[in-house]
Amino acid sequence: MGAGALVFIGFMGAGKSTAASTAAQRLGGEAIDTDALLEAELRTEIGAYFDRHGETAFREHEERVALETLARAGERDAVALGGGALSSARVRAALASHVTVFVEVAAEVAWQRVSLTGADRPLARDREAFIALHGARQEVYERAAKAFLMQGANLIWALEHLLALRDGRWAASARLVLAASASGSYPVWFGSGLLAGGLRHAEPDRERFLVSDETVGRLYGDRISPVAAKLLITPGEQHKTLAQAEAVWRWLVAAGATRASTVVALGGGVVGDLAGFCAATYQRGIPVWQVPTTLVAQVDSALGGKTGVDLPEAKNYVGAYHQPALVLVDPAVLETLPPVEVAAGFAEVLKTALIAGGELWSHVRHDRPLDELVLLRCIRTKLGVVAADERDSGVRQVLNLGHTVGHAIEAATGYARYRHGEAVGLGLLAALRLSGADALRSEVLSLLGAHQLPTVLEGVETDIVVAATRHDKKRTADRVPFVLLADPGHPEPGREVTDDDLRAAVAELGA
Ligand SMILES: NC(=O)c1ccc[n+]([C@@H]2O[C@H](COP(=O)([O-])OP(=O)(O)OC[C@H]3O[C@@H](n4cnc5c(N)ncnc54)[C@H](O)[C@@H]3O)[C@@H](O)[C@H]2O)c1
């Protein structure tokens, strides 16, 4: 058997058929669309067959056609697999010898596309039922997927990475998220043990300049080899400064970094933000790899291209948007992360789950283990938001849920008293109070407590925190917009709150 075909899976309206025909054309093989095969075999539209014979009879045909297709598809072929075919365990098992690519689509977008085609699809006659089915099917696609093609990612670009996966250039455990944004696309490689397998094969022609901190560099620095030079900074938020950035720039000069070099940021959000900013500005910009080693960085900071440093006055006040050339997430490195740092990461997971709602929120609210599927969901949630709005002009602001007060707490306490995630946890409590979501606030408070995260603000006056919120980067004129959330999955960016309400929400944290 060869390396297997590319098999595109996902909900109706995702664009599987187009993806398969584009891929097959490039690979010089056959594009096989199982829905089209079925219609030809049944000699009628799927909707008409469904109505006459029922879903069970249809699924039997669908399973057989899918199994026959997967048995014959070779490495130059590309298959578009009908949206419901994965309900069969035999089909799911047959996918193991292929590269399964989940073509992601938002429920509303899928509904609009399917409505526009005018084709009679039996499960797309009622909008509510269609959207519920979209949610219900996500998990089966997620579990089967080796690769995730985010909405908006260009398939021609993606093919190079899909073929690297198909041809076994990455460890067998590797999964791939193909991320898109206005200023560029990049692969996010994900899997336990990826770093242990070494990275020699990745972009071998570029010299690597490794930036890490002393703790992470000692633990994992050798996994990035070969590197041209290595710089280890002192760990901690207090070192995410302009002075430290200058030290990195000057080290890059001394070590001989050129535009043909890549900066590799190995560490938590501090290293990622700092090294990313230095890469964005060194010689007006050279590529950066983000290799996140904390939970905060794996689910959040390594993704989306925000880089920067703090000023004493305010957090992340100087920076640049600079999308990574590659992100490598190896959850195995979290084994050495101290429990307090894992807890801080849980606050960002919680924030992401509140924004996403649905299955992710349901998983997190019941405090189920943060397995790889959950990390991947957080990653895809963040990438989905960034794809829609890279530069924070609208929907991306939802990612700042809890951050207006969180950042103010960090700045007002000199970046020393609270970890970023801990401050975000407190900020979430304030945001939920401002949203009038009292029951949800109590639930979040219990979850923070269960993870030994602070639920009481200490060591700083309410007025100092309130004053610090005025430096929020989203501020326009005299107004600081807040992200409010009354219901998980429905964040509302750009909301105004009164000074009195804000003061009360912050004062309550100190109570
Ligand atoms: N750019 C963004 O979009 C974005 C998003 C969220 C947070 N951030 C930023 O991220 C920063 C916080 O990042 P963080 O929470 O990762 O903190 P961090 O980078 O300070 O790391 C926390 C500590 O964990 C240690 N560590 C890291 N990985 C380890 C490992 N695998 N094993 C053992 N020790 C390890 C580090 O040495 C450090 O002492 C903040 O500056 C925040 O502003 C940025």
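**Q** So what exactly am I meant to see when it comes to the overall build of the protein here?
**A** Secondary structure assignment for the protein yields 19 helices and 16 strands. What you see for the protein is a C-alpha radius of gyration of 24 Å, in line with the 24 Å of a compact globule of 511 residues. Projected onto the principal axes, the alpha-carbon positions of the protein cover approximately 75 × 55 × 40 Å. Across the 511 residues that make up the protein, the buried fraction comes to 55%. Partitioning the contacts of the protein with sequence separation of at least 6, the portion at a separation of at least 24 is 72%. Counting every atom, the protein has about 20,700 Å² of accessible surface; 51% of that belongs to carbon and sulfur. Averaging the coordinates of the 51 positive side-chain charges in the protein and doing the same for the 62 negative ones gives two points 4 Å apart.

**Q** Help me understand the site of the ligand in this model?
**A** Taken together, 28 residues are adjacent to the ligand, and Asp 213, Glu 237, Thr 293, Thr 294 and Lys 315 come closest. Between an oxygen atom of the ligand and a side-chain N or O atom of Thr 294, the distance comes to 2.5 Å. Between Val 333 and the ligand, the recorded distance is 3.0 Å, taken from a backbone N or O atom to a nitrogen atom. Burial of the ligand by the surrounding chains reaches 91%, relative to a free accessible area of 870 Å².

**Q** Can you help me understand the pattern of salt bridges in this one?
**A** A side chain with one charge can pair with a side chain of the opposite charge if their charged atoms come near. Counted according to the given criterion, the structure contains 36 salt bridges. For the salt bridge of Arg 72 with Glu 30, the shortest nitrogen-to-oxygen distance reads 3.1 Å. You can see Arg 72 sitting in helix α3 (residues 46-72) and its partner Glu 30 sitting in the loop between α1 (16-27) and β2 (31-33), a full 42 residues away along the chain. In the salt-bridge network here, residues are joined through shared partners; they are Glu 104, Glu 139, Glu 142, Arg 143, Arg 377 and Arg 380.

**Q** Would you mind showing me how to read helix α18 (residues 462-469) here?
**A** Helical geometry: 3.6 residues make up each α-helical turn, so side chains three or four residues apart lie on a common side. Listing the buried residues of α18 in full gives Val 465, Val 466, Ala 468 and Thr 469. Along the axis of α18, the buried positions cluster into a sector of 160°, meaning they face one direction only. Elements in contact with the buried residues of α18: α15 (403-412) and α19 (499-510).

**Q** Could you clarify how one ought to interpret the packing of α15 against α18 in this entry?
**A** Describing two packed helices takes the angle between their axes plus the distance from one axis to the other. Interhelical geometry of α15 versus α18 gives an angle of 115° and a closest axis separation of 8 Å. Viewed along their axes, α15 and α18 form a crossing whose handedness is right-handed. Note on element contacts: α18 touches α15 through Ile 464, Val 465, Ala 468 and Thr 469, opposite Thr 404, Val 405, Ala 408, Ile 409 and Ala 412.

**Q** Help me understand α15, please; the structure alone is not making it clear to me.
**A** Counting buried positions along α15 gives 9 out of 10 residues, so the element sits mostly inside the fold. Along α15, the residues that are buried comprise His 403, Thr 404, Val 405, Gly 406, His 407, Ala 408, Ile 409, Glu 410 and Ala 411. Where the residues of α15 are buried, they touch α12 (339-356), α16 (420-434), α18, β15 (482-485) and α19. Looking at the residues trailing α15, positive phi occurs at Gly 414, about 70°.

Rules and cut-offs
Residues numbered from 1 in each chain as written. Predicted model: local features only at pLDDT ≥ 70, side-chain atom pairs only at ≥ 80, totals over all residues. Heavy atoms only, no water. Helix = DSSP H or I, 4+ residues; strand = E, 2+ residues; numbered from the N terminus. Rg over C-alpha atoms; globule rule 2.2 N^0.38 Å. Buried < 20%, exposed > 50% of the residue type's maximum accessible area, 1.4 Å probe, protein only. Contact = heavy atoms within 4.5 Å. Areas by Shrake-Rupley, 256 points an atom, 1.4 Å probe, with all protein chains shown as cover. Lys, Arg positive; Asp, Glu negative; His and termini not counted. Charge placed at Lys NZ, Arg CZ, Asp CG, Glu CD. Near = heavy atom within 4 Å. Polar contact = N/O pair within 3.5 Å; in protein donor to acceptor, adjacent residues only side chain to side chain. Salt bridge = Lys/Arg side-chain N within 4 Å of Asp/Glu carboxyl O. Arc of directions from axis to C-beta. Axes fitted to C-alpha atoms, helices over the stretch in contact; angles between N-to-C directions. Left-handed = near helix turned anticlockwise from the far one by under 90°.

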